[in-house]
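These are the residues of each chain, in order.
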2 protein chains.
Amino acid sequence: MSNNPAMNRRVVLAERPKGAATLGSFRLETVAPPQPAPGEVLVRTLWLSLDPYMRGRMNDAPSYAPPVELGGVMTAQTVSRVEASQSPEFRVGDLVLAPSGWQDLAACPAKTLTRLPKIEHPSWALGVLGMTGLTAYVGLLDIGKAAAGETVAVAAATGAVGSIVGQIAKIKGCRVVGIAGGPEKCRWAVQELGFDACIDHRAPSFKDSLAAACPKGIDVYFENVGGAILRAVVPLLNTHARIPVCGLIAYYGGAPRTADGGAAPPDPDWVPLLMRTMLVKRMTMQGFIIFEHDDRHPEFFAAMQGWLSEGRIKYREDVVQGLENAPQAFLGLLEGRNFGKLVVRVADVD
Amino acid sequence: MSNNPAMNRRVVLAERPKGAATLGSFRLETVAPPQPAPGEVLVRTLWLSLDPYMRGRMNDAPSYAPPVELGGVMTAQTVSRVEASQSPEFRVGDLVLAPSGWQDLAACPAKTLTRLPKIEHPSWALGVLGMTGLTAYVGLLDIGKAAAGETVAVAAATGAVGSIVGQIAKIKGCRVVGIAGGPEKCRWAVQELGFDACIDHRAPSFKDSLAAACPKGIDVYFENVGGAILRAVVPLLNTHARIPVCGLIAYYGGAPRTADGGAAPPDPDWVPLLMRTMLVKRMTMQGFIIFEHDDRHPEFFAAMQGWLSEGRIKYREDVVQGLENAPQAFLGLLEGRNFGKLVVRVADVD
């Protein structure tokens, strides 16, 4: 679909998924562009962030944010450029962070926009220098309380958040054991990101390999996944271990599936094991969402800019071209097919 | 069995239970009394505390304390009287807290003993003024962070810890909803302890009644039980809810049983629900054992003495006569047959 700049393309929620989301869950529409009302700003999406939490917004169930309405534009954070302004706070050409969703054009209240500082890679404001990086920073340090000499295990280790979690943990003097899907990702985590080990959760030897990589147990488990990975981690947790719960991608698609996509047999209840481990090991588990930790942004931003400029944090983006490819890319993200922070290049201008 | 004061009766672990403990798990022996070595003190048990955590010590599995050895004396805290002293720190006749176990006489290193202040009811040092009360205080206030206006739900609400948890929560201005087994206990919690409600978990309407008693949801769930009670609580938990995990008596007896003691069908796995609730509600769950919180004893002790003297905390003991009845009483405790803090009167002297 070609992009007529006078029109607005948008991806809306066509139907609520039962279990796994599919392409049929989305619909691409072309409509007249919105007109900004007084106090509003018309923005054009340059970069669109795709993140696992969006799967939760597709359900009509209580969560930490209201669901996307049927027929409504899928929510997302974007890096956008101001096209027209009915607010004295923004001018045409300004680069902003906007909660403008999966679409070309949006009219946003000025107070929902954040002007972006001059940074080399504007899309990084959606990742390592934005919500993704802050999630890693707050989850690992504030909630996980990772300390030098401890062992940190991180699930989805080459994902947007996990890759930053592991690198911050290395900077802080921890032993870092990643968990990722497939040998290529694991190799990258060790060779490029400097993790001490990275274990392939698709390998038959996963549990044994994970145990072998954690000879002193696990002090902090940064939870992005749940499911079989959590099950393998729990027996390795040390006394006073902490589990920041950032995401649970294994549970986002409805019924559990096997590695090759088939229906998994129902697991027996292992809440008793989980709870007994919580008690016997005097562990702390805490769920968090980053929207409640904005106050930590200034400290995080200064630290992360320093680490990036010193080359101590490496950042990889998985760039998809074109808004029309966002649904397919998002489905791949839920299955772990991305490699690095997933962003969509929506408009070819900066 | 009569009690020859020159001999030592002791209850030892006869065999490790597979699943539920039974009378056959224990053996009562009569042996020659121990002789205190230099630096040791010979103590005679007056009161013996029976607590659910002892079930864990009967297993040969990693836990926060070493297991009782096969043939070894069951561990317990006691209120004892010094019979002979090889330490300058203690004199004959002193009343002490001792880790002396299920027996009449023990030779204890002086440093393991705590001299008791003059209190009206020495056995209360095993309960409301001791480990039990401190557990309630630390779990509710330090870990649960209960605040005025919040709803606190407490499992095993008429048990040793739960009854104090609920009363402290009332003093702190919380709405308190107890969960207990049977109408008599529930009535006592409301009428005598002043809980706002107490729900019978054996009643068929348990889940609905619990929800109705928590119209504003649950902010703190003080976990003593696990199992079906936790399952009923989870859907009611509020954003930022806290779960101090103090005990899990539902899981101490091996495979789950139904209310009438039969084998329960295996539950489907609900770890996904539990974990998703942790995330979506940004909850905190923390296991603790009171032995790591001794530093909180002075503040607790002063507060609790005040509340008791003002009549703001009521305390009920379930007193069993005779060491030989300790095993049966302990089995009853695991099944919720006690009513109040369970202690054994071992010697009829003070």
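Residues numbered from 1 in each chain as written. Chains lettered and ligands numbered in written order. Predicted model: local features only at pLDDT ≥ 70, side-chain atom pairs only at ≥ 80, totals over all residues. Heavy atoms only, no water.

Chemist: So what's going on with the nonpolar core? Which residues, and what values?
Modeler: Leu50, Trp102 and Tyr221 of chain A together with Leu50, Trp102 and Tyr221 of chain B are the most contacted members of the largest nonpolar core, which has 222 residues in total. In contact with Leu50 of chain A, other than residues within four places in its own chain, are Trp102, Ala326, Ala329, Phe330, Leu333, Lys341, Leu342 and Val344 of chain A. (Core = buried A, V, L, I, M, F, W, Y, C linked by side-chain atoms within 4.5 Å. Buried < 20%, exposed > 50% of the residue type's maximum accessible area, 1.4 Å probe, protein only. Contact = heavy atoms within 4.5 Å.)

Chemist: Please give an account of the interface of chain B and chain A that cites residues and values.
Modeler: In this complex, chain B contributes 34 residues to the contact, which on the side of chain A involves 34 residues. Seen at the junction of chain B and chain A, the total is two salt bridges. Where Glu292 of chain A meets Arg282 of chain B, a salt bridge forms, and the shortest distance between an N and an O atom there is 2.4 Å. Seen at the junction of chain B and chain A, the total is nine residue pairs in polar contact (both at pLDDT 80 or more). At the level of secondary structure, the elements contributing two or more residues to the side of chain B that touches chain A comprise β12 (237-245), α7 (271-280) and β13 (284-287) of chain B. By residue number, the principal contributor to the side of chain B that touches chain A is α7 of chain B, which donates eight residues. Across the side of chain B that touches chain A, the residue classes break down as 21 nonpolar, seven polar and six charged. As defined by bridge partners, strand β13 (residues 284-287) of chain A adjoins β13 of chain B across three bridges and the pair is classed as antiparallel. Bridge pairing in β13 of chain B places Met285 of chain A opposite Met285 of chain B. (Salt bridge = Lys/Arg side-chain N within 4 Å of Asp/Glu carboxyl O. Polar contact = N/O pair within 3.5 Å; in protein donor to acceptor, adjacent residues only side chain to side chain. Helix = DSSP H or I, 4+ residues; strand = E, 2+ residues; numbered from the N terminus. Nonpolar A, V, L, I, M, F, W, Y, C, P; charged D, E, K, R; others polar. Pairing = 2+ DSSP bridges.)

Chemist: Kindly report on the state of the cysteines, identifying the contributing residues and their values.
Modeler: Residues and elements named next belong to chain A. Under the criterion given, the structure shown has zero disulfides over all chains. Free cysteine: Cys246, not disulfide-bonded; nearest cysteine sulfur from Cys198 at 17 Å. Taking relative accessible area as the criterion, Cys246 reaches 18% and is therefore assigned buried. (Disulfide = S-S within 2.5 Å.)

Chemist: Explain the relation of the copies chain B and chain A to me, and be specific about the residues and the numbers.
Modeler: The transformation that overlays chain B on chain A combines an axial shift of 0.0 Å with a rotation of 180 degrees, and the residual RMSD is 0.0 Å. The operation mapping one copy onto its partner corresponds to a two-fold rotation axis. If distances are taken from each C-alpha of chain B to the rotation axis, the shortest is found for Asp269 of chain B, at 1.8 Å. Of all interface residues in chain B, 100% are interface residues in chain A too; the two copies therefore contact each other through one and the same surface. (Least-squares fit on C-alpha atoms with pLDDT ≥ 70 in both.)

Chemist: Before we move on, could you go through the packing of aromatic side chains and cite the residues and values that matter?
Modeler: Residue and element names in this part refer to chain B. All told, the structure shown has 18 aromatic pairs over all chains when counted by the stated rule. Note on Trp124 and Tyr315: the rings are 5.2 Å apart at their centroids and 80 degrees apart in plane angle, and the pair reads as edge-to-face. With Trp124 in the loop between β7 (114-115) and α2 (131-143) and Tyr315 in the loop between α8 (297-309) and β14 (317-321), this pair connects stretches of sequence that are 191 residues apart. Owing to a relative accessible area of 15%, Tyr315 belongs among the buried residues under this scheme. Each ring, one from Trp188 and one from Phe339, has its centre 5.0 Å from the other, and the planes form 90 degrees; the classification is edge-to-face. Of this pair, Trp188 sits in helix α4 (residues 183-191) while Phe339 sits in the loop between α9 (326-334) and β15 (341-345), and the two are 151 residues apart along the sequence. (Phe/Tyr/Trp six-rings, centres within 6.5 Å; stacked < 30°, edge-to-face > 60°.)

Chemist: Can you break down unusual backbone geometry residue by residue, with the values?
Modeler: All names here are of chain A. Even without a glycine there, the phi angle at Lys145 is positive, about 50 degrees. Topologically, Lys145 is positioned in the loop between α2 (131-143) and β8 (151-155). Of the residues examined, Lys145 reaches a relative accessible area of 54% and is grouped as exposed. Positive phi is not limited to glycine here, since Ala156 has a value of about 50 degrees. The topology assignment puts Ala156 in the loop between β8 and α3 (160-171).

Chemist: Please set out the side chain of Arg9 of chain A residue by residue, giving values where relevant.
Modeler: Relative to the assigned elements, Arg9 of chain A resides in strand β1 (residues 8-13). Here Asp104 of chain A takes part through its side chain, which lies 2.8 Å from a polar atom of the side chain of Arg9 of chain A.

Chemist: Pulling in residues and values, what's your account of the sheet that holds strand β9 (residues 175-180) of chain A?
Modeler: A sheet is described by the order of its strands in space; here 12 strands give the open sequence β10(A)-β9(A)-β8(A)-β11(A)-β12(A)-β13(A)-β13(B)-β12(B)-β11(B)-β8(B)-β9(B)-β10(B), paired in mixed fashion. Because the sheet does not close on itself, it has two edges, and the strands there are β10 (197-200) of chain A together with β10 (197-200) of chain B. Averaged over all pairs of adjacent strands, the angle between their axes in this sheet comes to 15 degrees, without regard to strand direction. Across four bridges, the pairing between strand β12 (residues 237-245) of chain A and β13 of chain A is parallel. Bridged to Arg242 of chain A within β13 of chain A is Thr284 of chain A. Of the strands in this sheet, β8, β11 (218-222), β12 and β13 of chain A touch α2 of chain A, which is tilted by about 150 degrees from β11 of chain A. (Axes fitted to C-alpha atoms, helices over the stretch in contact; angles between N-to-C directions.)

Chemist: Account for the confidence of the model for chain A, naming residues and giving values.
Modeler: For chain A, per-residue confidence averages 93 on the pLDDT scale, and 95% of positions sit at 70 or higher. For this predicted complex, the interface score ipTM comes out at 0.89, while the overall pTM is 0.89. (pLDDT = per-residue confidence, 0-100.)

Chemist: Can you break down the pattern of salt bridges residue by residue, with the values?
Modeler: Under the defined criterion, the tally for this structure stands at 34 salt bridges over all chains. With a closest N to O distance of 2.8 Å, Asp104 of chain A and Arg9 of chain A form a salt bridge. Within this pair, whereas Asp104 of chain A is found in the loop between β5 (95-98) and β6 (105-109), its partner Arg9 of chain A is found in strand β1, the two being separated by 95 residues in sequence. Across this residue pair, the class does not change: Asp104 of chain A and Arg9 of chain A are buried. Taking the shortest distance from any N to any O, the salt bridge between Arg296 of chain B and Asp142 of chain B comes out at 2.6 Å. Placement of Arg296 of chain B in the loop between β13 and α8 and of Asp142 of chain B in helix α2 is noted, with a sequence separation of 154 residues between them. Under the relative-accessibility criterion, Asp142 of chain B is labelled partly exposed at 26%. Shared partners join several salt bridges into a network, and the residues in it are Arg9, Asp104 and Glu324 of chain A.

Chemist: Residue-level account of the packing of α2 of chain B against helix α3 (residues 160-171) of chain B, with values.
Modeler: Residues and elements named next belong to chain B. For the pair α2 and α3, interaxial distance at closest approach is 8 Å and the crossing angle is 50 degrees. Viewed along their axes, α2 and α3 adopt a mutual orientation that is oblique. The handedness of the crossing between α2 and α3 is right-handed. Residues Thr132, Gly133, Thr135, Ala136, Tyr137, Leu140 and Leu141 of α2 form the contact with α3, whose own contacting residues are Ala160, Val161, Ile164, Val165, Ile168 and Ala169. (Parallel < 35°, antiparallel > 145°, perpendicular 65-115°, else oblique. Left-handed = near helix turned anticlockwise from the far one by under 90°.)

Chemist: Report on α4 of chain B, specifying residues and quantitative values.
Modeler: All names here are of chain B. Residues of α4 that are buried include every one of Lys185, Cys186, Trp188 and Ala189, and no others. For α4, the arc enclosing every buried residue in end-on projection is 160 degrees, short of the 170-degree limit, so these residues lie on one face. Summarising the geometry of α4, the exposed residues directed more than 90 degrees from the buried face are Pro183 and Gln191. Among the structural elements, α3, β9 (175-180) and β10 are those in contact with the buried residues of α4. (Arc of directions from axis to C-beta.)

Chemist: How would you explain α3 of chain B if you had to name every residue and give the values?
Modeler: Residue and element names in this part refer to chain B. Spanning 12 residues, α3 covers 17 Å between terminal C-alpha atoms, matching the ideal 16 Å at 1.5 Å per step. Among the 12 residues in α3, 10 count as buried, and that is most of the element. Those residues of α3 lying buried are Ala160, Val161, Gly162, Ser163, Ile164, Val165, Gly166, Gln167, Ile168 and Ala169. (Expected span 1.5 Å × (residues − 1).)

Chemist: Describe the pairing of β9 of chain B, with residues and values.
Modeler: Residues and elements named next belong to chain B. The element β9 is extensively covered by neighbouring structure, given that five of its six residues are classed as buried. Sheet topology note: the strand β8 (residues 151-155)/β9 ladder contains five bridges and is parallel. By the bridge assignment for β9, Ala153 is matched with Val177. Since β8 and β9 lie parallel, the crossover through α3 that links them has a hand, and here it is right-handed. You can see the chain leave β9, run along α4 and come back into β10, and the turn it takes is right-handed. (Right-handed = clockwise from strand over helix to strand, strands pointing away.)

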